[in-house]
Amino acid sequence: MNTAYLNGKYMPIEQAKISPLDRGFLFGDSVYEVVPSYAGKLVGFMPHLQRMNGGLEAIGISTGWSEKQWLDLCLKLIQENGAGNLGIYLQISRGTYESRAHRFPDKVTPTIFAFCFEIAAAPVADKTLAKTYKVSTARDIRWDRRDIKSTSLLGNVLHYQQGIEQGNQETLLYNEHNELTEASSCNAFIVKNGTVITPLLDHQKLPGITRQILIDVLRNDGKIPIEERVVSMEEVAEADEVWITSSSREIAPVIAIDSVPVGNGQVGDIWLAAQTLFSANRFNY
Ligand code: PDD
């Protein structure tokens, strides 16, 4: 599994080369997307594409690509790489320019790069099989446009690494008001007294596609109340359940925060209900 796409050509990933003057490399001047797929079926292609196009527009990059071109690229990569459990990574930088200057160059062609990587099989709604997470917490040090899925991920990388060095697998982040934002590579949810609660979207959080699908399936089902609102870190500490969500993990139960068990320290019933709904509907998006 190693066929990548770069600027119009498919090739073994080792042969995919870009200039060190590419603005994605020099400035992190690029956006990316990760679309999950299982046995050749994409999850959330349209919302992923919409978010990517929104990011491109926000930073003034125009590829001129149609929805069909992006879909064909994803499907071709799946075909070339064997339709297993694949994350399809798409990255568009402003392009390579002859000199290093902060201002946008007048004439530059965006660099378009894509490849696949293996992801875990789609999670199943079974408490005994759930991959559980222990997490750290930290004051969110990232920039103020976290809604753009930018490759400028140093803040995310440092936060993630902090969790690892503390013996955990992720880091939950909070802002200057002690309010939950998200995690370094996931969105975050809490459950209290049977209600699912997640922070409202703003510039401090990535509008996660897994988050969007989860909220939608819960609302359509209508049995479990769901609220989007400010979530304080005190509420996180007192939650019955905490979850983190991302394209490659779907809904992952958090069983300890800073070494303190969440609720009873076990995977919760509401997680089971939510993952059951998500599993039944993932290919409808
Ligand atoms: N991470 N928040 C952040 C900071 C993220 O990096 C991600 C995804 C999410 C969840 O978004 P989604 O549900 O659309 O995957 C939230 C990806 C997978 C990554 O960087 O690899």
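Residues numbered from 1 in each chain as written. Predicted model: local features only at pLDDT ≥ 70, side-chain atom pairs only at ≥ 80, totals over all residues. Heavy atoms only, no water.

K.L.:
Is there a simple way to explain a nonpolar patch on the surface in this structure?
P.N.:
Among the surface-exposed residues, Ile141, Leu154, Val157 and Leu158 lie close enough to one another that they form a single nonpolar patch of about 410 Å² accessible area. Position of valine 157 relative to the elements: it lies in helix H4 (residues 154-165). Its relative accessible area of 49% is what places valine 157 among the partly exposed residues. (Patch = residues over 30% accessible without salt bridge, like charges linked within 9 Å, V, L, I, M, F, W, Y side chains within 5 Å. Areas by Shrake-Rupley, 256 points an atom, 1.4 Å probe, with all protein chains shown as cover. Salt bridge = Lys/Arg side-chain N within 4 Å of Asp/Glu carboxyl O. Helix = DSSP H or I, 4+ residues; strand = E, 2+ residues; numbered from the N terminus. Buried < 20%, exposed > 50% of the residue type's maximum accessible area, 1.4 Å probe, protein only.)

K.L.:
Sorry, what's going on with the packing of aromatic side chains here?
P.N.:
To describe a pair of aromatic rings, one takes the distance between the centres and the angle between the planes. Counted under the stated rule, the structure contains nine aromatic pairs. Plain terms: the ring middles of tyrosine 89 and phenylalanine 115 are 5.3 Å apart, the flat faces sit at 55° to each other, and that makes the pair tilted. With tyrosine 89 in strand E5 (residues 85-93) and phenylalanine 115 in strand E6 (residues 111-118), this pair connects stretches of sequence that are 26 residues apart. An aromatic cluster of three or more residues is present, and its members are Tyr32, Tyr89, Phe113, Phe115 and Phe117. In this arrangement the basic side chain of arginine 94 is found over the ring face of phenylalanine 104, its NZ or CZ atom lying 3.4 Å from the centre. (Phe/Tyr/Trp six-rings, centres within 6.5 Å; stacked < 30°, edge-to-face > 60°. Lys NZ or Arg CZ within 6 Å of the ring centre and 35° of its normal.)

K.L.:
What am I meant to see in the domain arrangement of the protein here?
P.N.:
Quoted interface sizes are often the accessible area lost when the parts come together. Annotation of the protein at the domain level lists domain 1 (3-118) and domain 2 (133-281). For domain 1 and domain 2, the distance between their C-alpha centroids amounts to 26 Å. The interface is formed by 19 residues belonging to domain 1 together with 15 residues belonging to domain 2. Interface of domain 1 and domain 2: buried area, both sides summed, is about 1300 Å²; carbon and sulfur atoms make up 63% of it. The largest contributions to the domain 1 side of the interface with domain 2 come from Tyr32, Pro47 and Arg51, which together make up 43% of the buried area. Our enumeration of links across domain 1 and domain 2 arrives at zero salt bridges. Where domain 1 touches domain 2, the interface holds five residue pairs in polar contact (both at pLDDT 80 or more). Every element with two or more residues in the side of domain 1 that touches domain 2 is listed here: strand E3 (30-38), helix H2 (45-58) and E5. (Domains from an automatic or database assignment. Contact = heavy atoms within 4.5 Å. Buried area = accessible area lost by both parts, 1.4 Å probe. Polar contact = N/O pair within 3.5 Å; in protein donor to acceptor, adjacent residues only side chain to side chain.)

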